[in-house]
Each structure stands twice: as C-alpha cells, then as structure tokens.
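Residues per chain, in single letters:
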Amino acid sequence: MLAVSPRKQLRDITLAVDLTFEPGVTTLVGPSGAGKSTLLRIVAGLTRPDEGTVRLGGVLLDDGATGFHLPPGRRDISLVFQEYSLFPHLRVEDNVAYGLRARRVPRRERRRRVAAMLERLGILSLARERPGQISGGQRQRVALARALILEPRALLLDEPLAALDVRTREQVRGELRSILAETRIPTLLVTHDYADALVFRKRIVMLVDGQVAQDGAHEDLLAHPSSRFVAEFTGVNFFEGQLEEWDSHLLARIRLAGGVEIFAPAEGVEPGPVNVALHPWEVTLSPEPPAGSARNSLACRVREILPLGGRARVLLALDDSGLQTLVAEITTEAQVALGGREGQVLYAAFKATALRVSAR
Amino acid sequence: MRSFRSTAGPGILAGAGRVLIVLPASALLLFIGFPLVALLLHTPPGTLWSSLNTQSSLDALSLSLQTTSLTLALTLLLGTPTAYLLARRRFWGKRFLDSIVDLPIVVPPAVAGVALLLAFGREGLLGPTLNTLGIHLSFSTAAVVMAQLFVACPFYVRSARAGFIGVDRSLEDASATLGYGAWGTFRRITVPLALPSLISGAVLTWARALGEFGATIMFAGNLMGVTQTMPLAVYLNLESGDLDGAVALAVVLVLVSLVVSLVVRLISE
C-alpha cells in the first residue's frame, strides 16, 4: 500500500492531499496545473514535500517534519515519464537494462531479463533500435519495459498517452490497459484527458488546484459530481460493445452490450470488442425520431435529470434492463421544452463522427 | 552555396540584385583567401621542411604541443564543472558570472597579459606571497599555460554550457529514478548527450591556445625553449630576418587551423 500525505507550495497553488493507494490502477485526473505531475514527482522522490510523509508498504520514504528523504533510485518505485524520456543515445535494450546496470546486476542475468521483458511487451524485435527510430506507441512500451523490469513496488505513469497522436492513442490506450491489468502493485496514472481515465474507471481521483475534488469510481463521479467542474470534466459517455462489421460508408456497425446498435467511423479498428466514448454535449434529444443528419438515433427512457446551472444533464436508459445508460447535456430551455420527466421516452441523436472508438 | 540560396531566395539573385550580392561576397572571400594562398606559395616544400627542422622551430613546436595540451587538460578539468553549474543551477549573481566567463573573449589579449602580470607577476598583487613561497610564475612555462588558459578556456565553457542546457532535464530525472546518482547520471547521460558541444568547444579552446600570442608575450616573454611557442617564434623569426623560418611555422599553424575549423564544422553538423 502506498500512502501519501504531502504538502507542497507551488507557484500558484498549494498541493495538499492525503491519499492511500491499494494495488491496482488509480487514475489521477485533473486540468493542467492542478499539481498531478508534482504529486507523482514527490512520490518518485524527484521533488521534496514541504511537509507530510510518503510511505510505501509501511516504509517511510519522505518525512517533511524531519527532512528525511530517500533518493529516487532507492525507493523501488518506477516512473514512466511524459514523452517517455528514453535515452536517445542508447539502444532499446540498453534503455531497458539501464536500471539493472545501476543495480550492478551481472551482465548475463541482465541480458536474460531484458530479453524476457521485451518479449513480454512484444518488442523483442526492436532491441537494437534507437528510440528515435521507433513509433510513439513502441516508445511507450519501451518506457514501460524500462520501468517494469526493476520489479517496482509501485508504478507511476505521467500522461502516458499525451505524446501520441489521436489515432495511435486509441490503440495504445487499449494496450496499456492490458499491460497494467497484470500488475499487482499500486499504480498511479496521471492524465488530463478523462477519456484516458475511463480505461481504468474503478478509482479515479480528481485533483483541482492541488486539492482532491473527488475520489471514487467513474460511476460515482458521473452520477454524483461534487462540483460543476467535476461534472464537466467527467461527462463522457463510455460504452463497451462489439464491432461487428463495416458497411460501405466507412462506418462500422457496433453492437453495444444490451443489444443497441450504433454506427461510428473506427479507422484502423478490427472487428471485435471495442470501447466507445461520446461527449454528452454531442447528444441532442427530441420527442420524435429525428429526421436530421445525425447517423445514430436511439430510443431511450429518461431516468434522472440533474440540473447543472444553465444546463441539464439527462440520464437515459438505453434498454429496459437499465444496464446501458447514456448521458446527454442540453440547455435548461431545451430540457423545459422537452418536458423531460422521468420515464418519458425520448430519441437521442448523435453524429457518427462524434464517437470515439478504440479496441478493447 | 546551399545556405546562400535558401536565405537569399531566387528573386534577389536575378538582374541587378545579383551584382550587389555576388560582388561584395567575392571581394571578401578573396581578401581572406589571398593572403593564405600567398603564405602557402611563398616557400617551396623542400625549404619549408629544412626551415622547420631547426632547433628553435622544433623547440617552439614541442613547447606549443606541451603547453596547449596542459591548457586543454586544465580547461576540461575546471571548465566542465563550471559550465554545468552555469547551465543547471540558478543562483544569485549568475548573470554576472556568465559575463565574467565570457570576458576573456572580448578583452584584447595584450590587456589580458598585463592583467595577469599585475595579478601573478613579481610586482603583482600575489607577487610577494608567491615570492615567499619560492614560486616565480612570470616568464616561465607555467606563465605560458596561464596566459593560454585565460584567453582560451571561455570557448570551451561557452560551448559546454550550451551543450548541457540542451540536455533534457527529464532524462537526468529518469536516470535518477532508475538508480544512478548524480555522478553516474552525469557520466552516462549528460556527457554523452552534450558530447558534440564538448568536443567542438575543446577543439576551439585548443586552437585558440595554440594561436595565443599577445597575453603570452606580455606575461611570459619570449624565451626560446621556455616560453617561445610557435606564434612567438614566427614573430621572432620575422623580426630577425629569417622569413623562411617564420613562414614554415606559419604554414603549420594555418594547416592546423584549417583542420580545426573543418572538424568543428563536421561536429556541429
């Protein structure tokens, strides 16, 4: 268990949190400048807290009161840097071996462990390449390999997807999920994009201005946002589904759990299990089936209406079981015009291009 | 020619514009190149060799090699930490320190020689102290090295500082989280990544030390075998009417300079 309760004065804000992390992935999300990266740097030992402590499995790593500080290399904590920070002058295998070399692991064992790790992440063929010669997604795997090979007792990832372009991003997000699902250590993933947080939705800690704004599962944050800010930040619809086939218009037919079908451009995604994300402000609601240009139109039932100052968040059930829900955010006027009482049937419409599809 | 085209564009090189650019450029290049050609053509290679093969020339050559090597070693030893400090740390008075380091580049070498004399010479500020310790710096080989170090080390420090600034700090952080301390990180990450700047700075410093004349003659004098480096020997030969001897050493210096500027160019590209 990782327990952090640091206090650190930054330029504009004071970072002050008190959090514990169990094994598994916790997503640390928030706008830029919220103190997320600083928190990671403190846990990694690169920045010292003004006050408070950092403990890992009961071992004290930092204590602001006594000035005790264990240097970064002796914490058994690995950090995957934003942009990955691979050493450009070293080959992939030497990047991955770097930490073992620092620990004076004998050459033969080093080679064996590096090969095993590269194999595990499917990048053995890149061993002799330099970081500049490989793709963004491959670089991320090298960074993960370099971090995981030390068998750390906690893993930190700073914006692991921010360095990628939108297309590779969706794919790498899925890969990251499967790699991190295997780790049995406290893992902190920092991101400013809530869509990333939705990949690891069990525990999301929202940091705003150096404080914890909310801490809970995605469903808690979505249904009961502690503030308008959280509501805006978290308001992303997220579906699991099955990409069934491509139709002639470069659109894929996706069947969501519960049987509803939607159409979306899913460039580069193969048929199979997929995740679909949709911002609630992309959804329009009408009492009759819409005749407009929106490719997707679903009949659904109003479950709850949450006013959000000038706008309203409408929770809709996509099927009778109520397992699949859709959140639409519309203006208060629109909501009043619709009538919008619970149980009412409405048609939710959204453009195919508003959907973000990624392989699961 | 490539960069000339890309900066000027095709338009300005047409018609009357062409004359305005090509003419001054050719004039300047000729002005620089012509004296060097004159120097290289003056003496036939055979005479060149025999002029070089005299005791005074060989002494000057050997003294220049020894002193510049020592200067380079001292520059690397003292300049590298200085450059790292200036590149990485923020502290009070850093800007002042930055300009102190750059100062010897703009101060006339003769002035530097006088300054050194007034600091370390027999009548200088430290003179009495050094005298009681039995150390006589001025007009010694040590003085030659000091003069070279004074005028030449800034070239290395400047270049190394720029090189260190160019190394992404997060790479050093990454190295720290992976288990290396400050020294290990410096040796394995910072230096290899700044290496082109370190090498070109070192080459420039060495070349500047090799050509050093003004500060040396002021502070160290012109004693054969003790303080008479190649540029000083060129001067003495010319004064005493041995033109061939002067030219022989000058040709060596020009060839070395040519190689140096090519090396620096190759490294920086």
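Residues numbered from 1 in each chain as written. Chains lettered and ligands numbered in written order. Predicted model: local features only at pLDDT ≥ 70, side-chain atom pairs only at ≥ 80, totals over all residues.

Comments concerning the overall build of chain B
Heads up, the rule is: Helix numbering and strand numbering both begin at the N terminus, where a helix is a DSSP run of H or I of at least 4 residues and a strand a DSSP run of E of at least 2. Any residue whose C-beta has 12 or fewer other C-beta atoms within 10 Å is treated as exposed, any with 20 or more as buried, and any in between as partly exposed, C-beta atoms being built from the backbone. We call two residues in contact when their backbone-placed C-beta atoms lie within 7 Å.
Within chain B, the regular secondary structure consists of 13 helices and zero strands. Secondary structure of chain B in N-to-C order comes out as α-α-α-α-α-α-α-α-α-α-α-α-α. Taken along its principal axes, the extent of the C-alpha atoms in chain B is 75 × 65 × 30 Å. The buried share of chain B, reckoned over its 269 residues, is 36%. Considering only contacts in chain B between residues 6 or more positions apart, those separated by 24 or more positions represent 76%.

Here's the deal with the overall build of chain A
A tally of helices and strands in chain A yields nine helices and 23 strands. Within chain A, the fraction of its 360 residues that count as buried is 44%. Look at the contacts in chain A between residues 6 or more apart in sequence, and 65% of them connect residues 24 or more apart.

Quick look at helix H5 (residues 94-106) of chain B
All names here are of chain B. Note the cut-off: For a helix, the expected span equals 1.5 Å multiplied by the residue count minus one. The bend reported for a residue corresponds to the angle between axes fitted to the seven residues ending at that residue and the seven starting there.
Under the 1.5 Å per step criterion, the end-to-end length of H5 is 19 Å for 13 residues, consistent within 8% with the ideal 18 Å. The principal kink in H5, of about 25 degrees, is found at Ile100, preceding the proline Pro104 by one to four residues. With respect to burial, H5 is a largely exposed element, only one of its 13 residues being buried.

Things to note about the nonpolar core
If you look at soluble globular proteins, the nonpolar side chains tend to sit buried side by side. Which entries qualify depends on this criterion: In this description, a nonpolar core means buried residues of the types Ala, Val, Leu, Ile, Met, Phe, Trp, Tyr and Cys, linked to one another by C-beta atoms lying within 7 Å.
Ranked by internal contacts, the top residues of the largest apolar core, which has 157 residues, are A:Leu156, A:Ala348, B:Met146 and B:Ala147. If you tally residues by element for this core, the top one is helix H8 (residues 141-165) of chain B, at 15 residues. Here A:Ala348 is in contact with A:Val283, A:Leu285, A:Leu298, A:Cys300, A:Leu316, A:Leu326 and A:Ala328, once residues within four sequence places are set aside.

Overview of the domain arrangement of chain B
What counts here: Domain start and end points were adopted from an automatic or database domain assignment. For this scheme, ten residues count as nonpolar: Ala, Val, Leu, Ile, Met, Phe, Trp, Tyr, Cys and Pro. Four count as charged, namely Asp, Glu, Lys and Arg, and the remainder, Gly too, count as polar.
The assigned domain composition of chain B is domain 1 (1-42) and domain 2 (48-268). Within the side of domain 1 of chain B that touches domain 2 of chain B, the residues separate by chemical class into three nonpolar, one polar and no charged.

As for the packing of helix H4 (residues 55-88) of chain B against H8(B)
Residue and element names in this part refer to chain B. Our working rule: To define axes, lines are fitted to C-alpha atoms, for helices over the stretch in contact only, and angles between the resulting N-to-C directions are given on a 0 to 180 degree scale. Helix crossings get a hand from a simple test, with the near helix turned counterclockwise from the far one by less than a right angle marking a left-handed crossing and a clockwise turn marking a right-handed one.
Contact pair H4 / H8: the axes reach a minimum separation of 7 Å and the direction vectors enclose 35 degrees. The element H4 and its partner H8 pack so that their crossing is right-handed. Partitioning the contact of H4 with H8 into residue classes produces 16 nonpolar, nine polar and two charged.

Let's talk about helix H1 (residues 36-44) of chain A
Residue and element names in this part refer to chain A. Of all nine residues in H1, eight are buried, a share of seventy percent or more. Those residues of H1 that sit buried are Lys36, Ser37, Thr38, Leu39, Leu40, Ile42, Val43 and Ala44. Count one or two residues on from H1 and you reach Gly45, which has phi positive near 95 degrees.

Concerning unusual backbone geometry
All names here are of chain A. Phi is positive for Glu83, close to 60 degrees, though the residue is something other than glycine. Mapped onto the elements, Glu83 comes out in the loop between strand S9 (77-80) and helix H2 (92-102). Among the residues examined, Glu83 registers 16 C-beta atoms within 10 Å and is labelled partly exposed. Its identity is not glycine, yet Asp209 carries a phi of approximately 50 degrees, on the positive side.

Quick look at the interface of chain B and chain A
At the junction of the two partners, chain B supplies 14 residues and chain A supplies 14 residues. For the side of chain B that touches chain A, the secondary structure elements donating two or more residues are helix H9 (169-177) and helix H10 (182-211) of chain B. Broken down by element, the residue count for the side of chain B that touches chain A peaks at six residues, all from H9(B). Split into classes, the residues belonging to the side of chain B that touches chain A amount to eight nonpolar, four polar and two charged.

What to know about the sheet that holds strand S17 (residues 272-278) of chain A
Working definition: the strands of a sheet are paired by backbone hydrogen bonds and lie parallel or antiparallel to each other. Residues and elements named next belong to chain A. Rules: Two strands are counted as paired when DSSP detects at least two bridges linking them.
Spatially, the five strands line up as an open sheet ordered S16-S15-S14-S17-S23, and their pairing is antiparallel. The sheet is open, and its two edges are formed by strand S16 (261-264) and strand S23 (356-359), each paired on a single side. Averaged over neighbouring strand pairs, the angle between their axes works out to 40 degrees when direction is ignored. With seven bridges joining them, strand S14 (residues 237-246) and S17 adopt antiparallel strand pairing. Note on S17: the bridge partner recorded for Asn237 is Leu278.

Looking at the confidence of the model for chain B
All names here are of chain B. For the record, the criterion: In predicted models, pLDDT denotes the confidence assigned by the predictor to each residue on a 0 to 100 scale.
Of all residues in chain B, 94% attain a pLDDT of 70 or more, and the chain-wide mean is 85. Mean pLDDT across the elements of chain B bottoms out in helix H1 (residues 2-8) (46) and peaks in H9 (94). Two numbers describe this predicted complex: its pTM, 0.75, and its ipTM, 0.75.

Overview of the domain arrangement of chain A
All names here are of chain A. By domain assignment, chain A separates into domain 1 (2-234) and domain 2 (237-359). Look at where the C-alpha atoms of domain 1 and domain 2 centre, and you get two points 33 Å apart. Elements with a contribution of two residues or more to the side of domain 1 that touches domain 2: helix H5 (166-181) and helix H8 (228-234). No other element matches the five residues that H5 contributes to the side of domain 1 that touches domain 2. Its residues assigned to classes, the side of domain 1 that touches domain 2 comprises four nonpolar, two polar and four charged.

Examining the packing of H2(A) against helix H4 (residues 136-148) of chain A
Residues and elements named next belong to chain A. Let me state the cut-off plainly: Oblique is the label for any angle not covered by the other classes, which are roughly parallel (under 35 degrees), roughly antiparallel (over 145) and roughly perpendicular (65 to 115).
Look at H2 against H4: their axes get within 7 Å of each other, and the N-to-C directions meet at 30 degrees. In terms of orientation, H2 and H4 fall into the roughly parallel class. Here H2 and H4 pass one another in a crossing that is right-handed. Together, Val92, Asn95, Val96, Tyr98 and Gly99 of H2 and Val142, Ala145 and Arg146 of H4 make up the contact between the two elements.

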